[in-house]
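Next come the chains, spelled out residue by residue.
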Amino acid sequence: MHGGPSGALRRDAIGLREVLFQSVTAMAPAAAVAASIPSGAAFAGGSLPLAVLIALVACLFTASCVAELARELPAAGSVATYAARGVHPAAGFLVGWAYVFVEMLVPPLLLLQLGFTVAGTLHAEWSAYPADLWWPWALAGAGVIAVAGFLGVRASSRFGTVLGVFEILVLLVFAVLLIGRAGSANTLSVFGTSHTADGYGGAAGVFAGSVYTVLAFAGFEAAAPLAEETRDPRRTMHRAVLGAALGIGLFYVLTTYAMTVYFGPDRFSGFGASGEASWEGVARASFGLFWVLVFLSVVNSTIANANACANVSTRTAFALARIRVLPGLLATLHPRHRSPVAGIAVQTVVAVGAVLGLGFGYDPVTAYVLLATVIVTVVVGVYIVVNVSCAGYFLRSGRALLKPVRHLLFPVLGSAAFIPALLTAAGLPVFDFVTELTAPVSYAGPVVGVWLAVGVAVLLVLTRQHPERIAETARVHLDTYDPGADREDGTVVR
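Values in this document were obtained by computation on a predicted structure and should not be read as measured data. (Residues numbered from 1 in each chain as written. Predicted model: local features only at pLDDT ≥ 70, side-chain atom pairs only at ≥ 80, totals over all residues. Heavy atoms only, no water.)

K.L.:
Which parts of the structure should I look at to understand the overall build of the chain?
P.N.:
On a plain count of helices and strands, the chain comes out with 17 helices and zero strands. Relative to the 2.2 N^0.38 estimate, which gives 23 Å for 494 residues, the radius of gyration of the chain is 22 Å and therefore close to what a compact globule would have. Each of the three principal axes of the chain carries a C-alpha extent, and together these read 65 × 55 × 45 Å. Partitioning the intrachain contacts of the chain with sequence separation of at least 6 by distance along the chain shows that 81% fall at a separation of at least 24. (Helix = DSSP H or I, 4+ residues; strand = E, 2+ residues; numbered from the N terminus. Rg over C-alpha atoms; globule rule 2.2 N^0.38 Å. Contact = heavy atoms within 4.5 Å.)

See the structure below:
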C-alpha cells in the first residue's frame, strides 16, 4: 500500500457536453438497442416498448439518487464516497473495491464483443476471412482506448463524445425510416399488454421484459468519477447523470417502438440480437447498404463504452490509491496530461489478459457472457447500496437538505426496481422467467464472492493497522486545498 499521489487530477478540463457523453457512451446505446434490449422480447413480445418505458421510470429513481449525491459529494471516488458518507466508511471501501474490479472488466467485455462482431460480419461477407480471427480487432481496440486515456480526460472524453453522437444519429435515422415504412401499422397498442409472448400473458410478460431491459440502463452513473476534472462539478454532475438516463431512456423507447411496429408486434417475441429477426437482419433485408451503418454503430458503441468505463475504473482506482487503501502506484499521474498512467497501464494489462485468456480458454462469446454476468451482478448491487446511501446521507444532513420524495421514496423505489434485476443477473430462479446459469457462466458467482472476501480481509487489516485510511473514503477532496490541483490552463488552484 506504500506510495503516494503525484498531485491531483486536472481541474476544469471538461464541461457538461463531455461529461454527459461519458455517461451516454457508458450505457452503450447502439449495442443495447441491437443486443441487450431484444432479450426482453422473448417475454414482452410486441409490448416491449411498454417494458422499456417502465424500465426507464424505474431507473430514473436510482439515477436521481446518484445525481443528488453527485451534487453534494463531487469526488473521483463517486459511489465509494457516497456509500462512505451515507452508510459507513467501511461500506465505502467495499463498494469501491467491488466497483474498481468490475469496471476494469468492462473494457475486456466490450473488446470481446468488438472482436467477434467484426470477425463474424467479415466472415459472413467474405467466407475466406476466418470466423475465429477475432483477437486482432480486440487488441486494436485495446490500443486505441489506452492511447485516448493516456492523452488525458479532455482527449478521451471528446473521443467518446464523437463516437456517442455517431451511434445515436445512425439509430435515430434508422428509427425514423422504420416508422415511415410501417405506415398504417404504427400503433400505440404496443404500449399496452396485448402483444406479450406466449406463456407470459399480460402484465407478467411486460414485467419480465422490463427486468431484462433494466440491465441496458447500466452506466448512467459513469459521469460521476470525472467530478474532479469537470467545470462547476456540483451542477454539471447532477445534470449529466439525470440527462443521460432520461435522454437515452427515451432513445430506447423510440427505437424499440420503431422496430416493433415495423417488424410486427404479434411476431416480435421471435426478435433477437442476430439473424434475420434482428436490427442488422432487418437493415440487410429492407434497407440495402444501411446495414453497414448499423454494424458500424454497434462496433462504435463497443469502443465508446470501453473508453468510458476505462475512465471510470482508472479514476476510481486513483481515488482509492491516493488515500492508500489501494497501492499508491495507482495514484501516479502523467506530469503533462494529468492522466492516471499507472491505472491506465493496469487497465490495459487486465483487458488484454482477460480477452486473450478467457477468449481462447473458452471462446469469445462464452467469455463475453461470463464477464457480463460478473459485471451486471456487482453493478446492480452497487446501485442498491447507492440508493440506501442516498437516504442515509440526507437523513444525517438534517431537515434543511432532506426532501422526503427524492431522498427517501426514490431510494426505496429504485432498490425495489433493481432487486429483480439483481436476481435475474445472478441466475437465481426466484421468478419463472429467470434462467439458471450453467458452467462456465455459473462461475460468475464464486468469482464475485472470492473478490469480495478478499476485500473484506483487506478491510479488516486496514481497520486494524490504518483506520484513518478507511475514514478517508468519505473525504471530498474538492472541498480542501490540494497543491497539485492544476487547471487545464496550467495555473494552480489555491
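K.L.:
Even after reading the chapter, I still don't get the pattern of salt bridges, so can you show me in this structure?
P.N.:
When the charged atoms of two side chains lie near each other, side chains of opposite charge can form a pair. Under the defined criterion, the tally for this structure stands at nine salt bridges. Between Glu 68 and Arg 71 there is a salt bridge, with its nearest N and O atoms 2.8 Å apart. Of the two residues, Glu 68 and Arg 71 are both situated in helix 4 (residues 48–72); the distance of three residues between them amounts to about one turn of the helix. Using a relative accessible area of 4% as the deciding quantity, one classes Glu 68 as buried. Three or more residues are tied together by salt bridges with common partners; here these are Arg 17, Glu 18 and Arg 158. (Salt bridge = Lys/Arg side-chain N within 4 Å of Asp/Glu carboxyl O. Buried < 20%, exposed > 50% of the residue type's maximum accessible area, 1.4 Å probe, protein only.)

K.L.:
How do you make sense of a nonpolar patch on the surface when you look at a structure like this?
P.N.:
A contiguous nonpolar surface patch, about 250 Å² in accessible area, is contributed by Val 147, Phe 150 and Leu 151. By the element assignment, Val 147 lies in helix 7 (residues 135–150). (Patch = residues over 30% accessible without salt bridge, like charges linked within 9 Å, V, L, I, M, F, W, Y side chains within 5 Å. Areas by Shrake-Rupley, 256 points an atom, 1.4 Å probe, with all protein chains shown as cover.)

K.L.:
Explanation requested: the UniProt feature "domain: Amino acid permease/ SLC12A" (unreviewed entry) in the chain in the structure shown.
P.N.:
As annotated by UniProt and renumbered to match this structure, "domain: Amino acid permease/ SLC12A" (unreviewed entry) occupies residues 19–412. Secondary structure within residues 19–412 divides into 72% helix and 0% strand; the distance between the first and last C-alpha atoms comes to 27 Å. (UniProt positions renumbered as here; feature names shortened; annotations may be inferred.)

K.L.:
So what exactly am I meant to see when it comes to the packing of helix 1 (residues 16–26) against helix 12 (residues 290–322) here?
P.N.:
How two helices pack is summed up by the angle between their axes together with the distance between the axes. In contact at an axis separation of 8 Å, helix 1 and helix 12 are set at 115° when each is read in the N-to-C sense. Crossing angle aside, the handedness with which helix 1 passes helix 12 is left-handed. Residue-level contacts link Gln 22, Thr 25 and Ala 26 of helix 1 to Ala 304, Asn 305, Ala 308, Cys 309, Asn 311 and Val 312 of helix 12. Considered class by class, the residues forming the contact of helix 1 with helix 12 number five nonpolar, four polar and no charged. (Axes fitted to C-alpha atoms, helices over the stretch in contact; angles between N-to-C directions. Left-handed = near helix turned anticlockwise from the far one by under 90°. Nonpolar A, V, L, I, M, F, W, Y, C, P; charged D, E, K, R; others polar.)

K.L.:
Where do I start with unusual backbone geometry in this structure?
P.N.:
Put simply, Ala 439 and Pro 440 share a cis peptide bond, and its omega is 5°. Here the phi dihedral of Ala 28 falls at roughly 50°; this positive angle occurs in a residue that is not glycine. Locating Ala 28 in the fold gives a position in the loop between helix 1 and helix 2 (29–36). Positive phi values are uncommon outside glycine, yet Arg 324 reaches one of about 65°. By the secondary structure assignment, Arg 324 is in the loop between helix 12 and helix 13 (341–361).

K.L.:
Is there a simple way to think about the environment of Gly 455 in this case?
P.N.:
Within the secondary structure, Gly 455 sits in helix 16 (residues 444–465). As a C-alpha pair, Gly 455 and Gly 96 span 359 residues in sequence and 9.7 Å in three-dimensional space. Beyond its immediate stretch of four places on either side in the chain, Gly 455 contacts Phe 93, Leu 94 and Trp 97.

K.L.:
I keep staring at the packing of aromatic side chains and nothing clicks. Help me out?
P.N.:
Centre distance and the angle of the planes are the two values used to describe a pair of aromatic rings. Summed over the entire model, instances satisfying the criterion amount to 22 aromatic pairs. Pairing Tyr 262 with Phe 287 gives two aromatic rings, centres 5.9 Å apart and planes at 50°, and the pair type is tilted. Of this pair, Tyr 262 sits in helix 10 (residues 233–263) while Phe 287 sits in the loop between helix 11 (279–286) and helix 12; the two residues are 25 residues apart in sequence, bridging distant segments of the chain. Considering the side-chain rings of Phe 268 and Phe 271, the 4.7 Å spacing of their centres and the 15° angle between planes classify their relative orientation as stacked. Note on Phe 268: relative accessible area 2%, which makes it buried. You can call Phe 271 buried: its relative accessible area is 5%. Ring pairing ties together the aromatic residues Phe 174, Tyr 262, Trp 279, Phe 287 and Phe 290, which thus form one cluster. Directly above the ring of Phe 287 sits Arg 181, whose terminal nitrogen or CZ lies 4.4 Å from the centroid. The ring of Phe 263 is capped by Arg 267, whose NZ or CZ atom sits 4.1 Å from the centre of that ring. (Phe/Tyr/Trp six-rings, centres within 6.5 Å; stacked < 30°, edge-to-face > 60°. Lys NZ or Arg CZ within 6 Å of the ring centre and 35° of its normal.)

K.L.:
So what exactly am I meant to see when it comes to the nonpolar core here?
P.N.:
Nonpolar side chains in soluble globular proteins generally cluster together in the buried interior. By size, the foremost hydrophobic cluster in this structure holds 123 residues, and its most contacted members are Tyr 82, Phe 174, Phe 220, Tyr 252, Met 259, Trp 279 and Phe 418. Of the residues forming this core, the biggest block, 16 residues, is contributed by helix 14 (residues 364–397). Discounting residues that sit within four places of it in the chain, Phe 418 has contacts with Cys 59, Thr 62, Val 214, Phe 220, Val 380, Tyr 383 and Ile 384. Core analysis: the next-biggest nonpolar cluster, separate from the first, contains 22 residues, Ala 76, Leu 320, Leu 326 and Leu 459 among them. (Core = buried A, V, L, I, M, F, W, Y, C linked by side-chain atoms within 4.5 Å.)

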